[in-house]
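One-letter residues, chain by chain:
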Amino acid sequence: MTTFLMFGKYSQGAFQGISPKRTEQAVEVIDKLGGEVQAMYATLGEHDLVLIVNFPGVNEAIKASVALGKMTGIAFSTAPAVTVEQFDQLVEEAF
């Protein structure tokens, strides 16, 4: 499984649908794609939401990003993430 950070930005219409039920539906979409939500945060600033999700691969992450955007009206920017220890190991192996 690969960890992905999903940064969400609400559209004006997305604010209308905020509810615990929509959050549950979003988690169901992620689950159906083989993902596992590690954490979900509401934030202030550039992003309104940050989700930390494990997916089997990039294809599932892309599908989730698009499906959640279509379902909620929230625009997601999704990026793979590795721990600093993994990053250090990758850099060491590259040189």
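## Let's talk about the sheet that holds strand β3 (residues 49–55)
With antiparallel pairing, four strands are arranged side by side in an open sheet as β2-β3-β1-β4. Where the open sheet ends on each side, the last strands, each with one partner, are β2 (36–42) and β4 (74–81). Put simply, the sheet's adjacent strands are angled 20° from each other on average, direction ignored. Sheet analysis places strand β1 (residues 2–10) next to β3, joined by seven bridges and oriented antiparallel. Considered in β3, the bridge of T2 is made with F55. Sheet strands in contact with helix α3 (residues 58–72) are β1, β3 and β4, and its direction is about 165° off that of β4.

## Some thoughts on the packing of aromatic side chains
Any aromatic ring pair is given by two values, namely how distant the centres are and how the planes are angled relative to each other. In the structure shown here, the tally under the stated rule is two aromatic pairs. Consider the rings of F4 and F55, whose centres lie 5.9 Å apart with planes at 65°: the pair is edge-to-face. With a gap of 51 residues between them, F4 in strand β1 and F55 in strand β3 connect regions that are remote in the sequence. The class for F4 is buried, based on a relative accessible area of 4%. Judged by its relative accessible area of 0%, F55 falls in the buried class.

## Points about the nonpolar core
Among the nonpolar cores identified, the biggest contains 16 residues, and M6, L51, F55, L68 and F76 are the most heavily contacted of them. Counting only elements with at least two residues in this core, the list comes to β1, α2 (20–32), β3, α3 and β4. In terms of residue count, β3 provides more of this core than any other element does, four residues in total. Apart from the residues within four sequence positions on either side, F76 is in contact with M6, F7, G8, L49, L51, S65, L68 and G69.

How each quantity is defined
Residues numbered from 1 in each chain as written. Predicted model: local features only at pLDDT ≥ 70, side-chain atom pairs only at ≥ 80, totals over all residues. Heavy atoms only, no water. Pairing = 2+ DSSP bridges. Helix = DSSP H or I, 4+ residues; strand = E, 2+ residues; numbered from the N terminus. Axes fitted to C-alpha atoms, helices over the stretch in contact; angles between N-to-C directions. Contact = heavy atoms within 4.5 Å. Phe/Tyr/Trp six-rings, centres within 6.5 Å; stacked < 30°, edge-to-face > 60°. Buried < 20%, exposed > 50% of the residue type's maximum accessible area, 1.4 Å probe, protein only. Core = buried A, V, L, I, M, F, W, Y, C linked by side-chain atoms within 4.5 Å.

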